[in-house]
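Here is how the chains run, residue by residue.
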Amino acid sequence: MTGLDLLPPDRRQLLIGGSWQEAAGGERFDVVDPADGSVLTTVADASAGDAMDALDAAVAAQADWAGTAPRERSEILRRAFERLTAQADDFAELMSLEMGKTVAEAKGELTYGAEFFRWYAEEAVRIHGRWMQAPAGGSRLLTIKKPVGPCFFVTPWNFPLAMGTRKIGPAIAAGCTMVIKPAAQTPLTMLALAGLLADVGLPDGVLNIVTTTAAGEVGEAVMSDDRLRKVSFTGSTGVGRVLVRQSADQLLRVSMELGGNAPFVVFEDADVDAAVDGAMIAKMRNMGEACTSANRFLVHASVASEFAEKLGARMGALTVGRGQDEGVDVGPLIDEKAVESVSQLVTDAIHDGATVVTGGTVSEGPGYFYPPTVLVDVHPESAINVEEIFGPVAPITTFESEDEAIRRANDTDYGLASYVYTRDLARTIRVAESLDFGMVGINTGLISNPAAPFGGMKASGFGREGGFEGIEEYLETTYVALPAD
Ligand code: NAP
């Protein structure tokens, strides 16, 4: 079995209350291969009415699901982890087809994404409140944890599996039901995942999927229903703002995992070769199409030429091509708009004075490819340093002092990931404490870990996914006052 075979035609539909079904109006939309623009297959195109049917199913399933034993929920997640791990090759192929990333990269996402099921299988049986004596004596204070209730999940195209499992894992563990709207460009992996969860025993109605090209209408309908209790979104800051506004009427619990503008700071005392290794990961993971991607390289002036030369050589040696082909390091971007947007940022940076070390030119031919690119002498205020690039471009600027590095690193609306390379322990502590980011990687280009709290501050959103913190987003606390006499 490979790729598309994982998702039989009767599962390229909506999943509502345990039944795979067409959209009520019978509409379908195309899923495109970004390596050549061809149509891979079609899936059902839900209307707002279909989404409301999905919410009805989630609401109907909520009470029974909340009443299941934690061990039962835990074991479903554990079986899902094992099945996903066993089918990693097939899932990786499917994800590579619809999203473009290399199969090796997709396997990395599979490992990461599946771990959320294992982690939350372990957390499901550790949900507990507390019992304490009131400080003044006498009464006892008891807290009870309960699932928040039906959730609405909206996920992006860049990590079609892991951005789902990060929400689905804790929701299942906590006892919440859900309606999921995956990105229209990559619905297949999520549908295959839903099939897998049904196959390992997730009860009907707990997880419902609406694939759609009408994201706005579907979102608005579901979010305006007072039976919904939570929205969790991963995507752009602009759409996040829309959803936060919509969440106000029902006062929903909200988790927002939004965009980033990660600084990658290399101090003069850093191991430059290690920094280049880390930069390759922080920049090139997912072709730069990650919210955690290093977006701005701030390098001490004394080591900037060495860093740029070495990074340029490594980036220039990467092979660009179809994600499923042997020997390919870098797949296509998601669509033509993405290529145009990255090209425009590079053109503007050059106009503002930057010099190209490698890359920078889009080649002719089908597919949405952009070459790995390194720029030096980039103006700090050039658009490429202000906006999320979401492509394989590393813009380098220099700094002279630690204060300047911290000030410039923090000089962004965003606050998700940041990276620092230094061998000085005192500096490590000073800088980590001074950075206004939800995550700081020290001498590493890879910070995502299912056991750690992933999330941002400022325009990167709020809430945490993963770790002990992640399940709290799906739990309500009831405090019970008990007089002791
Ligand atoms: P996007 O345009 O915001 O789309 C994300 C999801 O929102 C898609 O499913 C999209 O549906 C849906 N959507 C769009 N408009 C909507 C609306 N009005 N109401 C409800 N849903 C709506 O973002 P993207 O381009 O797919 O993803 C890239 C962005 O995600 C980047 O900014 C990246 O940094 C961020 N991201 C953040 C994290 C994190 O954890 N912080 C992780 C990954 C990505 P359609 O597909 O139909 O448009």
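The present account deals with the structure reproduced in this document.

Criteria and cut-off values
Residues numbered from 1 in each chain as written. Predicted model: local features only at pLDDT ≥ 70, side-chain atom pairs only at ≥ 80, totals over all residues. Heavy atoms only, no water. Helix = DSSP H or I, 4+ residues; strand = E, 2+ residues; numbered from the N terminus. Expected span 1.5 Å × (residues − 1). Buried < 20%, exposed > 50% of the residue type's maximum accessible area, 1.4 Å probe, protein only. Contact = heavy atoms within 4.5 Å. Axes fitted to C-alpha atoms, helices over the stretch in contact; angles between N-to-C directions. Parallel < 35°, antiparallel > 145°, perpendicular 65-115°, else oblique. Left-handed = near helix turned anticlockwise from the far one by under 90°. Nonpolar A, V, L, I, M, F, W, Y, C, P; charged D, E, K, R; others polar. Lys, Arg positive; Asp, Glu negative; His and termini not counted. Salt bridge = Lys/Arg side-chain N within 4 Å of Asp/Glu carboxyl O. Polar contact = N/O pair within 3.5 Å; in protein donor to acceptor, adjacent residues only side chain to side chain. 1 Å grid on protein atoms, 1.4 Å probe; cavity = no way out; pocket = protein on both sides within 12 Å on 5 of 7 lines; lining within 4 Å. Points joined across faces, edges and corners; volume = space filled by probe spheres on them. Phe/Tyr/Trp six-rings, centres within 6.5 Å; stacked < 30°, edge-to-face > 60°. Lys NZ or Arg CZ within 6 Å of the ring centre and 35° of its normal. Near = heavy atom within 4 Å. Areas by Shrake-Rupley, 256 points an atom, 1.4 Å probe, with all protein chains shown as cover. Sits in = over half its atoms within 2 Å of the grid points.

A short note on helix α3 (residues 88–99)
Right, so step 1: Helix length check: α3 (12 residues) gives 16 Å between terminal C-alpha atoms against 16 Å at 1.5 Å per residue, within 8%.
Right, so step 2: For α3, the tally of buried residues reaches 10 of 12 residues, placing the bulk of the element in the interior.
Right, so step 3: By the burial criterion, the buried members of α3 are A88, D90, F91, A92, L94, M95, S96, L97, E98 and M99.
Right, so step 4: At its buried positions, α3 is contacted by β3 (28–32), β4 (39–44), α2 (70–86), α4 (103–124) and α6 (188–199).
Right, so step 5: Immediately beyond the C-terminal end of α3, within one or two residues, lies G100, with a positive phi of roughly 105°.

Structural notes on the packing of α3 against α4
For any two helices packed against each other, one specifies the crossing angle of their axes together with the interaxial distance.
Right, so step 1: The N-to-C vectors of α3 and α4 enclose an angle of 120°; their axes lie 8 Å apart at closest approach. When the interaxial angle is binned, α3 and α4 end up oblique. Here α3 runs over α4; the crossing is right-handed. Contact residues: A88, D89, F91, A92, E93, M95 and S96 in α3; V103, A106, K107, E109 and L110 in α4.
Right, so step 2: Class assignment of the residues belonging to the contact of α3 with α4 gives a composition of seven nonpolar, one polar and four charged.

Points about the side chain of D45
Right, so step 1: Mapped onto the elements, D45 comes out in the loop between β4 and α1 (48–66).
Right, so step 2: Here D45 sits buried without a salt bridge, and the closest side chain of opposite charge, K181, lies 8.8 Å off (N-O distance).
Right, so step 3: There is a polar contact of 3.4 Å between the side chain of D45 and the side chain of T212.
Right, so step 4: When sequence neighbours within four positions are dropped, the list of residues in contact with D45 reads A23, E27, R28, F29, D50, T211, T212, T213 and A214.

Side note on empty space enclosed by the protein
Right, so step 1: Evaluated as defined, the whole model comprises two cavities of 30 Å³ or more.
Right, so step 2: Considered as a void within the structure, the largest cavity measures approximately 60 Å³ in volume.
Right, so step 3: As for the largest cavity, its lining consists of I281, A282, R285, A290, T292, S293, Y419, G445, L446, I447 and S448.
Right, so step 4: Of the residues belonging to the lining of the largest cavity, the class tally is six nonpolar, four polar and one charged.
Right, so step 5: The calculated volume of the second largest cavity comes to roughly 40 Å³.
Right, so step 6: Taken together, Y112, F159, M163, R166, R285, C291, T292, S448 and F454 make up the lining of the second largest cavity.
Right, so step 7: Class assignment for the residues of the lining of the second largest cavity results in five nonpolar, two polar and two charged.

Quick word on unusual backbone geometry
Right, so step 1: We note that L251 has phi near 45°; this positive angle belongs to a residue other than glycine.
Right, so step 2: Relative to the helices and strands, L251 resides in the loop between α8 (237–247) and β11 (253–257).
Right, so step 3: A positive phi is found at D377, a non-glycine position, where the angle reads about 55°.
Right, so step 4: The residue D377 is located in the loop between β15 (373–376) and α12 (383–386) in this model.
Right, so step 5: By relative accessible area, which is 55% here, D377 ends up exposed.

Section: the packing of aromatic side chains
Right, so step 1: All chains considered together, the criterion is met by 10 aromatic pairs.
Right, so step 2: Judged by centre distance (5.2 Å) and plane angle (25°), the ring pair of F264 and Y421 falls under stacked. Residue F264 is located in strand β12 (residues 262–266), and its partner Y421 is located in strand β17 (residues 417–421); the two are separated by 157 residues in the primary sequence. Both residues of the pair, F264 and Y421, belong to the buried class.
Right, so step 3: Grouped by ring-pair contacts, the aromatic residues F264, F297, F307, Y419 and Y421 constitute a single cluster.
Right, so step 4: Directly above the ring of F454 sits R166, whose terminal nitrogen or CZ lies 4.0 Å from the centroid.

Some points on the site of the ligand
Right, so step 1: Surveying the vicinity of the ligand reveals 27 residues, the closest of which are T155, R166, S236, L258 and E388.
Right, so step 2: One nitrogen or oxygen atom from the main chain of T155 is found 2.7 Å from an oxygen atom belonging to the ligand.
Right, so step 3: Note that an oxygen atom of the ligand is positioned 3.1 Å from one of the side-chain N or O atoms of K181.
Right, so step 4: When the ligand is considered free in solution it has 900 Å² of accessible area, and contact with the protein chains removes 85% of it.
Right, so step 5: Among the detected pockets, the ligand sits in the largest pocket.
Right, so step 6: Secondary-structure elements contributing two or more residues to the shell around the ligand are α5 (162–174), α7 (215–223), β10 (230–234) and α8.
Right, so step 7: Its residues placed into classes, the shell around the ligand shows 16 nonpolar, seven polar and four charged.

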